[in-house]
Each structure stands twice: as structure tokens, then as C-alpha cells.
Amino acid sequence: MNSLLELKTAMRDERTEVKPAKRLGTNVSFDRDYGDTVGEVTASNARMVCRDVNVFYGPKQAIHGVNLDIGRNEVIALIGPSGCGKSTFIRCLNRMNDTIVGCRVTGSIQLDGQDIYDPQMDVVPLRAQIGMVFQKPNPFPKSIYENVAYGPRIHGLTQNKAELEEVVENSLRRAGLWDEVKDSLDQPGTSLSGGQQQRLCIARTIAVNPEVILMDEPCSALDPIATARIEQLIDELRMQFTIAIVTHSMQQAARVSQRTAYFHLGKLIEVGETAQVFTNPRHQLTEDYITGRFG
Amino acid sequence: MDKPTLLLLILVLTTAGYYFGRKRSLDIVSGKVQELHSLPSYYGYYLAMWVGVPTLLLLLIWLGFEGAVLSRLVVADLPGELQGDSGERAALLINEIRNTMAGAGSGSGDPSIQAAANHYRHLQAVSDWLLSLGVIALAALGGWFGHRQIEVEQRARNKVEKGTMVFLIACSTIAIFTTVGIVLSVVFESVLFFQKVPVTDFLFGLRWSPQMAIRADQVGSSGAFGAVPLFTGTLLISFIAMVVAVPIGLMSAIYLAEYASPRVRTVAKPLLEILAGVPTVVYGFFAALTVAPYIRDLGQSLGLDVSSESALAAGLVMGVMIIPFVSSLSDDFINAVPQSLRDGAYALGATQSETIRQVIIPAALPGIVGGILLAVSRAIGETMIVVMAAGLSANLTANPLAAVTTVTTQIVTLLVGDQEFDSPKTLAAFALGLVLFLVTLMLNIAALMIVRKYREQYE
Ligand SMILES: Nc1ncnc2c1ncn2[C@@H]1O[C@H](COP(=O)(O)OP(=O)(O)OP(=O)(O)O)[C@@H](O)[C@H]1O
Ligand SMILES: [Mg+2]
């Protein structure tokens, strides 16, 4: 993937003198108005469809008119400088912002055609459908087994103990943690290493069999080896889940995602195929960010 | 000079020491402060220390031993027939002599006592003279020595620093030694008690009636010092108090920490904590005058036999008093549970009450338990409410409607009024105090250990 970055750097050198209009959009069709965002906002097999999403913290607007689709079985990376609203946006997708006092969301966000901000919508099953992994591993102060069993328990997903055990084992296997913890399932989850804790949190999330998994900087507290392990895991999970991941590492975005969305000051600036965004950004701001001129 | 004047003199001399020390340091370098090792004021403090500390020490030591030495001298000069041989008699004599000196003497008629008093007065004057002389001499010596020590290279700042540290250590030592002293005196008195009443009788005896007969032929000539009814009474009332305080305190803490809006919280939390600031005597008469009669009437209307001073009344009111202990500490610990754990549970689709019950409370549990233990030790040691509302009859019962008595109440009643200091009745108070102290100490240590362990976990 370093070659990708090299490639991109080389291209930048070529293009420095010819500075085309900031918004090229030559091969992009705008049959509808999706604000100022450059690139292909829609996805052909969209699971989540966000239209004109605004988020306010009290009087302050943190997200301005974002339109974005998240397609089936794709990993979409959300990148952008610190404070640009990546976390705010991703937390809208499973209504985690409901827990923040004074936070208001407008616009529409649909999951499989259903508006998740519909007053009729019950957030409890919604959050079971759209799981979330956080920046800092946050295992519950319970045993490893109980951490993973917690979700299936509260949603009544299993009939009996044997089934529950099976779900726990399966989830831990899919999170790539089973071999490391199978003999110590009754140890507290907090006794694991940071990387193991994060995989435990992923196992906990996939144990309720969600359709979409949101990840907010899942590797920022981890060392390179643990990071590589989780990136590999994300790649495997893509087969079953739709994943949105916030990351500060462009290499990571390039490694794990198919599409990349670049946010800047609460606006979605550019979306596109990951390779295209990194090698051939269409917007000046994206280019500046990717080439490290700010952020 | 008498002692207050002397103390004043020492202060004046010390201030003078500061002034001269500072001046001396400036003189040495003829005003060029940069050349000094320390700022001039440090040389001032340095000299002040040399003047003040030895003189104050002398004054303290003198105060400590003067009385004993003078008394001994006076008693030794008394005519032989008055001296007697027992220490107690000597103490009585000294008391008489002092009273005579003060002019309010009871035995002032005795000429030899009168003479002794005069003698004492004379010795006192001599002693004061000697002390004044000693103080002035020491101040001069210290001042001279300190003054000579002041040089350009002298590290006055470091020395003052050390002096400050020694002073602080001395202060904390006083606090520690006071505690140790109290504990030791309680232990010694308890040992005296246990020489008269066997430990096993005290700890396992079922009958408490500490009245000692004055004449041997009276009814109930020997008191009974079985403390079990007191322990059970204390436990019963504390238990009732905790039954009230733990659920209410915990629930209100949960409401305040998890559900209340910030506005409600800023108003409600201090209001709740005011409960802890109400003087216990107010709770006491509230319990005795309002709650106890109410419970009695209620019991009567239900056909129950409720005594007018019931464990229930005292326990209920004590429980109300303890609510803020439980709620305030629990609230702190619930707030200390990281937001990320809540987020984790919500992201799995848990409802708020599920999150609280299954994630937050378990995470905060050690801290909550610590808070509850602290509250228990507070309940066990509480005196005023039970004195006023629980009664004095040492019943061995688990019936909350009966009157019971507690360890603290009995300590109060044992020591109120005229007492002989060596009767088992008085000494029993110390034994009870010792037990109380040990129990609350253990509870506190356990609570603090739990709380500390928990704090480390999340910080
Ligand atoms: N709870 C909140 N209350 C008020 N303002 C908030 C809150 N959370 C975030 N913000 C504001 O919203 C904006 C976007 O924040 P957000 O956390 O989404 O940024 P981010 O892109 O995730 O940054 P980072 O990369 O540092 O995590 C920031 O200006 C921030 O100050
Ligand atoms: Mg963020």
C-alpha cells in the first residue's frame, strides 16, 4: 500500500503546475443535487442512505448537509482533520447521539429504506442492527464470556445455554480471539491486552448479528501488530457486514476500505473509490489533506 | 514575669531576630542582594528560628514539669503527720494547698496547710524568675550564635526549609500522638475493667445492668456487665437505618447521576447533602417527639404493642440521616464509571435501565459498597438520636417495636452524673468504647481499602 502513496506523491508533483478548477467532476454525473460534495455519493446497492444530514450541538452546527450512501458489503472509510465531525457523523448512523444532551439531528438517514429517525423507530433493536466499536476498547467489567454474551442475552437471541455458548464461541472465532481466550473465558475482560480488548469489543458487537458495524478509530489505541490483526479482521467481516470506519491513518483507509469519504469542517467534501481518492483527489482540500499539507 | 508576658517577650525577641538577621545579611554584602546565597528575608527567618525555637521549647518543658516538681517540693516540706504514705492522699493535699492559695480553700483553717500554701507561692515566684532568666539567656545565646552564622555563602534558605519541615512534622506528630494517646487510655481503662469483670462475661454475657450497690446488703448488689444486649441493640438499630438509607440513597444517586437533567442535579444534590448537615440532636428530638409517638399510635391502631421508645423510630430517623452518605458517595462512583462503558452498552441496544443495572452498578459496586460500609460505621457510632429515641432498657430482642439500647447510649448514661473513677460501672464505659472503636476502625479500613482499590481501577 505504500506504493499507492508513492504513486499519489508522484502524481502530485506532476500536477502542481496545472491547477485545474477545484471541482472537476468530468466523469461524475449529477442527476440530483447533492450539495457541494465531489464524487459519487450514491451506491448502487445502498444499505444506508443519508440525505441532507445536519447535526447541531446546541446552537453550534457540527455537520452541514451531508449526503452519503453506504453500500452492501463495503467498507467505507471516513477521513478528515481532527474536529471535522467524523465521530459526530458516524454516531448519527445508530442514533448514539441521542445520549448527548443538546444534540439535534435533522435530515433523513435510512437503513434499508426505513428512516431511523422516525419517531416510531425503536432505537433498541436499531442499535442491535447497527453495532458500534469505539476508539478506546471498552469491555464491561465482567468476564470475557459475559462480555460477549451480554448482547444476545438482552435481545433474547438464544433459547438455551448451549446456543448461547455457541454464539459466544462463534463471535470470538470471527473476531480472531477464540484461540487466545478459550481457556480463560471466566477471566475479566479488562484483564486482556488493549488489542485483545478491542477484538473482544468487536466480538461483542458481532454477537448480536448486526447488519452494519460502525467503527470510530478502532485502532488508535493499538500497536502496529494489533492494528494489522484488526485490519485483517475488518477485511474478513466485510463479507457479512457493511462497515463504516473512521480513521486518522490514510494507510489504514487505503488498506481496508473500498470507498473513502473526506470530511472538512463538518462538510462532506469528497467521496469516491478509495484508490481514486488517494491517487487522484478531485478537490483541492482533499488533496491538501492527503498530501499532508494540513490536518 | 508570668507566663503570658514571657510568651509575648519571646514573640518580640523572635521578631527582633528576624529584623537583625535580615539587616546583618544585607550589611555583609553592603546591600548587593545578588551576592547572597539566599534572599535576605531567609536570613531573617534563620535568626528568628535560633531565637524563637529554643526559648519556646524551654517554656514548654518548664510548663510540663513545673507543677509536678513544685508539688513534690512542697509536700516534702510538710510536717510528717500530714504527708501520709499513699499517692492519693498527696494528690488531695496538693489540691487543698492550691485551693488555699486561690483563696477559696476548704481546709484553710489548718495552719500547716496555710504555711504550705505560702511556701508554694514562694516557690512559684522563684520558678517564674528562673524561667524568665533562662528564656532571656537562651534568646541572647541563640541570637548571638545565629547572628555569627550569617555569612555570604550561608545557605539560609535550605536551613529555613528544613526548619519548616521539622515544624510540619511536629504538628502532624501531635495529631498522631493524640490519637495514640486516646487509644492507649481507652485500652488501659478497659484493662482495669477486665480485671474486675472477666472479658468473657463482658463479651458474651446476656444481662446488662451496670448499677453497683452502694451497700453490700442491697438488692442486686452486683451489677451485670453482659454487653450482648447492647451489641444486638446497636445492630438492630443500625440494620433498620441501613434498610432505610441504602435503597433510598442508592436510588436517589442513580436518579441524580443517570436521569436527572443538569439543572435538577445542581439543585437536588446540595439539597440532599444538607441532610448531612442537620445537627444530630435535631434528628434526635425529631425522632423522640414526632416519629416515636407516631409509630406508637400507628401500632396501637393496628393492635400492636409498641413501646414509646422503639428501635424502629430511632432506626428510621438514623436512616434518614445517613441517606446523604450513601447517595453522595454512590453518586460520585456512578459518575466515575467511564462514559465509554455506557456507550458500549447503548451501542449493543441496551436500554437505559438495563445499562444501569447490568453495567454501571456492577462497575461502581466496589465503590458503593465502600460508601455503605462508611455509612454503617457512622450508624454504629451515632449517639444523639439513640440517646433520645431508643430508650435505655437493655432488652435482648430482635423486635423493632421494643425499646432497646445501644453501646453509645450506655456509654453516655454510664458517665453522666457523679462517678467514681474506679468503679466497674465507669470503667465499663471504656470497655464499650474500645469495642466500638475497634468495630468502626475495622469497618473504616475495609471501606477505605475497597474504595481505594476501585479508584485505581478507573484513573
Ligand atoms: N458533545 C459535544 N458537545 C458539543 N460539541 C461537540 C460535542 N462533540 C463534538 N463536538 C464538536 O463537534 C465538532 C466535531 O467533533 P467530532 O468529535 O465529530 O470530530 P472528529 O472528526 O471525530 O475529530 P477527531 O478526529 O479528533 O476525533 C467539533 O468542533 C467538536 O467541538
Ligand atoms: Mg472522533
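Residues numbered from 1 in each chain as written. Chains lettered and ligands numbered in written order. Predicted model: local features only at pLDDT ≥ 70, side-chain atom pairs only at ≥ 80, totals over all residues. Heavy atoms only, no water.

**Q** Would you explain the packing of helix α10 (residues 280–301) of chain B against helix α11 (residues 311–336) of chain B in this entry?
**A** To describe two helices that pack against each other, one gives the angle between their axes and the distance between the axes. Residue and element names in this part refer to chain B. Between α10 and α11, the shortest axis-to-axis distance is 9 Å and the interhelical angle comes to 135 degrees. Taken together, α10 and α11 sit at an angle that is classed as oblique. α10 and α11 meet at a crossing whose hand is right-handed. Touching T280, Y283, F286, A287, V291, A292 and I295 of α10 are L312, A313, L316, V317, V320 and M321, all from α11. Looking at the contact of α10 with α11 residue by residue, the classes come out as 12 nonpolar, 1 polar and no charged. (Axes fitted to C-alpha atoms, helices over the stretch in contact; angles between N-to-C directions. Helix = DSSP H or I, 4+ residues; strand = E, 2+ residues; numbered from the N terminus. Parallel < 35°, antiparallel > 145°, perpendicular 65-115°, else oblique. Left-handed = near helix turned anticlockwise from the far one by under 90°. Contact = heavy atoms within 4.5 Å. Nonpolar A, V, L, I, M, F, W, Y, C, P; charged D, E, K, R; others polar.)

**Q** Mind showing me how you'd approach the confidence of the model for chain A here?
**A** Keep in mind that low pLDDT regions are not for reading the predicted coordinates in detail. Residue and element names in this part refer to chain A. Summarising the model, chain A shows a mean pLDDT of 85, and 88% of its residues fall at 70 or more. Looking at the elements of chain A, mean pLDDT is at its lowest for helix α1 (residues 2–15), recorded as 45, and at its highest for strand β4 (residues 75–79), recorded as 95. For the stretch residues 1–5, pLDDT sits under 50, and the model shows 6 contacts to residues farther than four places along the chain or on other chains. Across residues 7–31, where pLDDT falls below 50, the model places 26 contacts with residues more than four positions away in sequence or in other chains. (pLDDT = per-residue confidence, 0-100.)

**Q** Hey, could you run me through the nonpolar core in this one?
**A** Nonpolar side chains in soluble globular proteins tend to end up buried together. Within the largest apolar cluster, 78 residues are counted, with the highest numbers of intra-cluster contacts made by W208, M318, I322, I334 and L432 of chain B. Ranked by residues supplied to this core, first place goes to helix α13 (residues 352–381) of chain B with 13 residues. I334 of chain B has contacts with A253, I254, A257, E258, R342, I360, I361, A364 and I368 of chain B, leaving out every residue within four places of it along the chain. Counting 44 residues, the second largest nonpolar core, distinct from the first, contains A226, I230, A254 and I269 of chain A. (Core = buried A, V, L, I, M, F, W, Y, C linked by side-chain atoms within 4.5 Å. Buried < 20%, exposed > 50% of the residue type's maximum accessible area, 1.4 Å probe, protein only.)

**Q** Can you help me understand the sheet that holds strand β7 (residues 130–133) of chain A in this one?
**A** In a beta sheet, neighbouring strands are held together by backbone hydrogen bonds and run either parallel or antiparallel to one another. Residues and elements named next belong to chain A. Spatially, 7 strands are ordered β1-β11-β10-β4-β9-β8-β7 in an open sheet, and the strand pairing comes out mixed. Each edge of the open sheet is held by one strand with a lone partner, namely β1 (38–39) and β7. Alignment of strand β8 (residues 212–216) against strand β9 (residues 242–246), held across 5 bridges, turns out to be parallel. Looking at the pairing, L214 lines up with A244 of β9. Its contacts with the sheet put helix α7 (residues 194–206) on β7 and β8, and the angle it makes with β7 is roughly 170 degrees. Its contacts with the sheet place helix α8 (residues 224–237) against β4, β8 and β9, and it is angled at close to 150 degrees to β9. (Pairing = 2+ DSSP bridges.)

**Q** I'm lost on the domain arrangement of chain B in this one. Help?
**A** Bring the parts together and some accessible area is lost; that lost area is often taken as the interface size. Split by domain assignment, chain B resolves into domain 1 (3–154) and domain 2 (224–454). Inter-centroid distance (C-alpha atoms) of domain 1 of chain B to domain 2 of chain B is 50 Å. (Domains from an automatic or database assignment.)

**Q** I tried to follow α11 of chain B on my own but got confused; where do I start?
**A** For an α-helix, 3.6 residues make a turn, and residues three or four places apart therefore share a direction. With 26 residues, α11 of chain B should cover 38 Å at 1.5 Å per step; its first-to-last C-alpha distance of 36 Å lies within 8% of that length. In α11 of chain B, a bend of some 40 degrees at I322 of chain B exceeds every other bend along the element, and P324 of chain B, a proline, comes one to four places later. (Expected span 1.5 Å × (residues − 1). Bend = angle between axes of the 7 residues up to and from the residue.)

**Q** How do you make sense of the site of ligand 1 when you look at a structure like this?
**A** Residue and element names in this part refer to chain A. Contacts to ligand 1 come from 13 residues, most closely from S82, K86, S87, T88 and H248. Y57 is positioned with one of its side-chain polar atoms (N or O) 3.4 Å from a nitrogen atom of ligand 1. One of the side-chain nitrogen or oxygen atoms of T88 is found 2.4 Å away from an oxygen atom of ligand 1. Burial of ligand 1 by the protein amounts to 63% of the accessible area it has alone, namely 630 Å². Counting residues per element, the shell around ligand 1 draws most heavily on helix α2 (residues 86–92), at 3 residues. Of the residues contributing to the shell around ligand 1, the split by class is 4 nonpolar, 6 polar and 3 charged. (Near = heavy atom within 4 Å. Polar contact = N/O pair within 3.5 Å; in protein donor to acceptor, adjacent residues only side chain to side chain. Areas by Shrake-Rupley, 256 points an atom, 1.4 Å probe, with all protein chains shown as cover.)

**Q** Looking at this model, I keep getting lost on the pattern of salt bridges. Mind explaining?
**A** Pairing between side chains becomes possible if they bear opposite charge and their charged atoms approach one another. All names here are of chain A. Using the criterion set out here, one finds 23 salt bridges over all chains in the structure. Ionic pairing is found between R259 and E74, a salt bridge with its closest N-O pair at 2.8 Å. Remark: E74 occurs in the loop between β3 (60–71) and β4 and R259 occurs in strand β10 (residues 259–264); sequence separation between them is 185 residues. The class of R259 is buried, set by a relative accessible area of 7%. Here R255 ties to E231 by a salt bridge, and the two come within 2.6 Å at their closest N and O atoms. (Salt bridge = Lys/Arg side-chain N within 4 Å of Asp/Glu carboxyl O.)

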